[in-house]
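These are the residues of each chain, in order.
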Amino acid sequence: FGIHALLIVTVTVRSATATARSENDATGEDVYPPLWYLAPENLLDYLVKDHKIVIDAWNYQERLGVYKNLLNSSAKYFTAFGSQNFGNILWGLPLQHGWQFRTGRLADPSNVTSCGHEDGDPLCISVRSWWSCMNYYLSVIPFLGAVEAGLFGQLQYEIEILPPEERKTDFCYSVADCWSRIPELMDDWKAYFEVNNFTFFFIFSGSPATFSFKLDDALGLMWRAHVASIAYALPKFQDSLKYLSDPEANFGEDWASAVDFIAATHFRTDLPTTNNFQAFLPQRMLVEGDVLPFICDFSPQQNRVLLSMKALHKANQLTGGLLLKLWRKAMSTEAGRKMGRELIGDLASS
């Protein structure tokens, strides 16, 4: 059965990476998330009021700025991985957020408000969006964990995150608030961003093998926190799926499930690798009538990838999570993870 688990995951990865190459070659899109150059790149670029830095996380540009500040402040630890901070393994987060924005997934899916829609406020992030609520725990929470870890040094102001208009109790809004509500999740992100850990991970000792091993440690902590964020947010926002079409809601859950398998390999989420890998994701929201693998305005590769993700999720459910446990076991050693990463990398470049 373990071999079957590996085969299912391999088929999914093979389809995904093949599509990534074809989509990137065809579109030639900007490698950065939309509006990246307009996002705040310094914390003092945000509103400062009553001795607090105030961030509106329900505005796409301001939430994107949270990522930009994380990348800028951690850039010095990734200089050995290429120029322009492209090797920073945090790129997976803003690139995913940019895809959500570009494909309309952050807008109000209920259409009760004009939030996020072109005829309203296109930069508005709707609290009714399942994607935006899930992303809050992969943007604001990592950011506040980094603040607590000292990534930005000693800040002269406290950080305050503005609440949404609805569901205020489903989120936290400051370092102290989040520590009181979700201490384990905050601790996971703080552990990744600990400045002492960064220094330990990325000191080049002269041995490429040691250097590689310490990058794997960093990836392990990052993916651990990433998976924990999704696991915490999934049940909390289950009711938000009602605003989505059945195909889109199913896709969201399939994608969240697939991330568990990707995370187990400590997959590198630098800028070029993430762009290549996520190019297979759908360029629009799925609607009623979209039936896999026969969605006419999706490429054959996209149809196959989404179908593979659905099959993977279903197989894991039918086995009571055993499929994921077997995959994680196969990836539980450095040699296993190296094999998993090489599999993805070889397929992407073949």
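Figured I'd write up the structure that's included with this text.

Scoring rules and cut-offs
Residues numbered from 1 in each chain as written. Predicted model: local features only at pLDDT ≥ 70, side-chain atom pairs only at ≥ 80, totals over all residues. Heavy atoms only, no water. Axes fitted to C-alpha atoms, helices over the stretch in contact; angles between N-to-C directions. Helix = DSSP H or I, 4+ residues; strand = E, 2+ residues; numbered from the N terminus. Parallel < 35°, antiparallel > 145°, perpendicular 65-115°, else oblique. Left-handed = near helix turned anticlockwise from the far one by under 90°. Contact = heavy atoms within 4.5 Å. Nonpolar A, V, L, I, M, F, W, Y, C, P; charged D, E, K, R; others polar. Pairing = 2+ DSSP bridges. Phe/Tyr/Trp six-rings, centres within 6.5 Å; stacked < 30°, edge-to-face > 60°. Buried < 20%, exposed > 50% of the residue type's maximum accessible area, 1.4 Å probe, protein only. Lys NZ or Arg CZ within 6 Å of the ring centre and 35° of its normal. Core = buried A, V, L, I, M, F, W, Y, C linked by side-chain atoms within 4.5 Å. Domains from an automatic or database assignment. Salt bridge = Lys/Arg side-chain N within 4 Å of Asp/Glu carboxyl O.

Topic: the packing of helix 2 (residues 60-74) against helix 3 (residues 92-102)
Thought 1: At their nearest, the axes of helix 2 and helix 3 sit 10 Å apart, and the two run at 165° to each other. Comparing the axis directions of helix 2 and helix 3 gives the class roughly antiparallel. For the pair helix 2 and helix 3, the sense of crossing is left-handed. Taken together, the residues of helix 3 that come into contact with helix 2 (itself represented by Tyr 60, Arg 63, Leu 64, Tyr 67 and Leu 71) are Leu 93, Pro 94, His 97, Gly 98 and Phe 101.
Thought 2: Residue composition of the contact of helix 2 with helix 3, grouped by class: seven nonpolar, two polar and one charged.

Notes on the sheet that holds strand 1 (residues 47-49)
Thought 1: The strand order across the open sheet built from three strands is 1-2-3, with neighbouring strands paired in mixed fashion. Edge positions in the sheet fall to strand 1 and strand 3 (158-161), since each of these pairs with one other strand and no more. Neighbour to neighbour, the strand axes of the sheet diverge by 35° on average, direction disregarded.

Focus: the packing of aromatic side chains
Thought 1: Enumeration over the complete set of coordinates arrives at 25 aromatic pairs.
Thought 2: For the pair Tyr 137 and Tyr 232, a centre-to-centre distance of 5.4 Å together with 45° between the ring planes defines the contact as tilted. Highlighted residues: Tyr 137 in the loop between helix 4 (130-136) and helix 5 (140-149) and Tyr 232 in helix 9 (residues 208-236), separated in sequence by 95 residues.
Thought 3: For Tyr 232, a relative accessible area of 32% puts it in the partly exposed group.
Thought 4: Here the guanidinium or amino end of Arg 63 rests over the ring plane of Trp 58, the centre of that ring lying 5.0 Å away.

Comments concerning the environment of Pro 94
Thought 1: Tracing the backbone through its elements, the reader meets Pro 94 in helix 3.
Thought 2: Linking Pro 94 and Leu 71, residues 23 residues apart in sequence, is a C-alpha distance of 9.5 Å.
Thought 3: In this view, Pro 94 contacts Pro 33, Trp 36, Leu 64, Tyr 67 and Leu 71; residues no more than four positions away in its chain are not counted.

Things to note about the pairing of strand 2 (residues 52-55)
Thought 1: In this sheet, strand 2 lies alongside strand 1 in antiparallel orientation, the contact comprising three bridges. Paired with Lys 49 across the strands is Lys 52, a residue of strand 2.
Thought 2: Taking the residues that link successive antiparallel strands as the turn, the strand 1-strand 2 hairpin has two residues, and the phi of Asp 50 there is positive, at about 55°.
Thought 3: Pairing geometry for strand 2 and strand 3, over four bridges, is parallel. Its bridge partner being in strand 3, Val 54 is matched across the sheet by Glu 160.

Concerning helix 3
Thought 1: Counting buried residues along helix 3, nine of its 11 residues qualify, which places the element largely inside the surrounding structure.
Thought 2: Within the span of helix 3, buried status applies to Gly 92, Leu 93, Pro 94, Leu 95, Gln 96, His 97, Gly 98, Trp 99 and Gln 100.
Thought 3: Positive phi shows up at Gly 104, right after helix 3, with a value of about 80°.

Re the nonpolar core
Thought 1: Counting residues in hydrophobic clusters, the biggest one holds 92 residues, and the most contacted among them are Tyr 136, Ile 141, Phe 143, Tyr 192, Phe 193 and Trp 255.
Thought 2: A domain-level breakdown of this core finds at least three residues from each of domain 1 (30-243) and domain 2 (244-349).
Thought 3: Discounting residues that sit within four places of it in the chain, Ile 141 has contacts with Tyr 136, Cys 172, Cys 178, Ile 182, Leu 185, Met 186 and Trp 189.
Thought 4: One finds Ala 264, Leu 312, Trp 327 and Met 331 within the second-largest nonpolar core, a separate group that totals eight residues.

Focus: the pattern of salt bridges
Thought 1: Across all of its chains, the model carries 17 salt bridges by this definition.
Thought 2: Among the salt bridges present, the one from Asp 254 reaches Lys 310, with a minimum N-O distance of 3.7 Å. Here Lys 310 lies in helix 12 (residues 300-318) and Asp 254 lies in helix 10 (residues 246-263), a separation of 56 residues in the sequence.
Thought 3: Take Asp 254: its relative accessible area is 6%, and that puts it in the buried class.
Thought 4: Exposure remark for Lys 310: the relative accessible area of 30% places this residue in the partly exposed category.

Some thoughts on the environment of Ala 80
Thought 1: Position of Ala 80 relative to the elements: it lies in the loop between helix 2 and helix 3.
Thought 2: Put simply, Ala 80 and Phe 202 are 122 residues apart on the chain and 8.4 Å apart in space, counted from C-alpha to C-alpha.

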